[in-house]
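# Observations on chain architecture
One letter stands for each residue in the lines below.
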Amino acid sequence: MVNVKDLLKECSAFLQGHFLLSSGKHSDGYVQCARLLMYPDKAEKVISVVAEKVKDLDTDLVIGPAMGGIIVSYELGRQLGLPAMFTERENDIMTLRRGFKVDEGAKVLIAEDVITTGKSSLETIKALEAYGVQVLGIACMVNRSGLSKVDKYPIYSAIELDINTYDEECPLCKEGLELVKPGSRKKF
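Let me sum up the structure you'll find in this document. No experiment lies behind these values; they were computed from the predicted model shown.

## Points about the overall build of the protein
Across its full length, the protein carries six helices and 10 strands. In terms of C-alpha radius of gyration, the protein reaches 16 Å, essentially the compact-globule figure of 16 Å for 188 residues. C-alpha atoms of the protein, sized along the principal axes, occupy 50 × 40 × 25 Å. Buried residues in the protein amount to 48% of all 188 residues. When contacts within the protein are restricted to residue pairs at least 6 apart in sequence, those whose partners lie at least 24 apart make up 64%. Entry remark: accessible area of the protein is about 10000 Å², with carbon and sulfur atoms responsible for 47%.

Now the structure itself:
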């Protein structure tokens, strides 16, 4: 049995402080999955938990939003024996580039590192709408959303974590704690 929380701790992927998330929300905790993903053996173990949950879905390909979903989609695709692609922002709009093409009707699994609001996943889904794909759900290493679905899409995660997130009235701002932006999104 894979202990995902222990693997995240081993890699110092749990951070505490005052963070600006990609969603624009503030939080007192952050999971820096890149610290785990830098160890292929550990990444393989954590993503195997997700692969086990989605293995019986009739999936044609895995697509992850850049940056956080690139390695996750690749490794999940590898474990499932499926092609893996990624979307990226072009002029602040998530798009499928680099010659990636999907067939109409393809059954797609979106793959992410961390889900908080699901914004990047939903942007990826929107980018794929023109292709007429069927999105089966969202796979992730860490689900910190407190939800089992984003919009109508089920979440398949290796671990669910309860980390404080603040929309407004952030108590950390009131305390004057320095705000750190560890994510890759420029705007939210």
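## Description of the state of the cysteines
This model, assessed by the stated rule, comprises zero disulfides. Left unpaired, cysteine 33 is separated from the closest cysteine sulfur, that of cysteine 140, by 8.7 Å. Assessed through its relative accessible area of 0%, cysteine 33 is described here as buried. Its relative accessible area of 1% is what places cysteine 140 among the buried residues.

## Examining the packing of aromatic side chains
Summed over all chains, the structure comprises two aromatic pairs. Consider the rings of phenylalanine 19 and tyrosine 30, whose centres lie 5.6 Å apart with planes at 35°: the pair is tilted. One end of the pair, phenylalanine 19, is in strand E1 (residues 14-20); the other, tyrosine 30, is in strand E2 (residues 26-31), and 11 residues separate them in sequence. For the pair formed by phenylalanine 19 and tyrosine 30, the shared burial category is buried.

## Observations regarding the sheet that holds E2
The sheet built from three strands is open, its strands ordered E1-E2-E10 with antiparallel pairing. The open sheet has two free edges, formed respectively by E1 and strand E10 (165-166), since each of these has just one partner strand. Two elements, E1 and E2, share five bridges in a ladder whose sense is antiparallel. From the neighbouring strand, phenylalanine 19 faces E2, where its bridge partner is serine 27.

## Looking at the sheet that holds strand E8 (residues 149-150)
Taken in spatial order, the seven strands line up as E5-E4-E3-E6-E7-E9-E8 in an open sheet, and their pairing is mixed. Every other strand in the sheet has two partners, leaving strand E5 (93-96) and E8 as the edge strands with one partner each. Those strands touched by helix H3 (residues 40-54) are strand E6 (107-115), strand E7 (134-143) and strand E9 (153-160), and its axis lies near 145° from that of E9. Across the sheet, helix H4 (residues 68-80) touches strand E3 (61-65), strand E4 (84-90), E6 and E7, and the angle it forms with E6 is around 130°.

## Considering the pattern of salt bridges
Considering all chains together, one arrives at 11 salt bridges under this definition. Ionic pairing is found between aspartate 167 and lysine 25, a salt bridge with its closest N-O pair at 2.8 Å. Remark: lysine 25 occurs in the loop between E1 and E2 and aspartate 167 occurs in the loop between E10 and helix H6 (171-174); sequence separation between them is 142 residues. Among the ionic contacts, a cluster of salt bridges with common partners joins Glu88, Glu90, Arg97 and Arg98.

## Regarding the nonpolar core
Core analysis: the biggest nonpolar cluster contains 30 residues, and Leu8, Val31, Leu36, Leu37, Leu76, Met141 and Val142 have the highest contact counts within it. Going through the elements one at a time, helix H1 (4-10), helix H2 (34-37), H3, H4, E6, E7 and E9 are the ones with two or more residues in this core. The leading source of residues in this core is H3, at seven residues. Here leucine 37 is in contact with Ala43, Ile47, Ile71, Val72 and Met141, once residues within four sequence places are set aside. Counting residues in each nonpolar core, the second largest holds 18 residues, with Ile63, Leu96, Ala106 and Ile138 among its members.

Rules behind the numbers
Residues numbered from 1 in each chain as written. Predicted model: local features only at pLDDT ≥ 70, side-chain atom pairs only at ≥ 80, totals over all residues. Heavy atoms only, no water. Helix = DSSP H or I, 4+ residues; strand = E, 2+ residues; numbered from the N terminus. Rg over C-alpha atoms; globule rule 2.2 N^0.38 Å. Buried < 20%, exposed > 50% of the residue type's maximum accessible area, 1.4 Å probe, protein only. Contact = heavy atoms within 4.5 Å. Areas by Shrake-Rupley, 256 points an atom, 1.4 Å probe, with all protein chains shown as cover. Disulfide = S-S within 2.5 Å. Phe/Tyr/Trp six-rings, centres within 6.5 Å; stacked < 30°, edge-to-face > 60°. Pairing = 2+ DSSP bridges. Axes fitted to C-alpha atoms, helices over the stretch in contact; angles between N-to-C directions. Salt bridge = Lys/Arg side-chain N within 4 Å of Asp/Glu carboxyl O. Core = buried A, V, L, I, M, F, W, Y, C linked by side-chain atoms within 4.5 Å.

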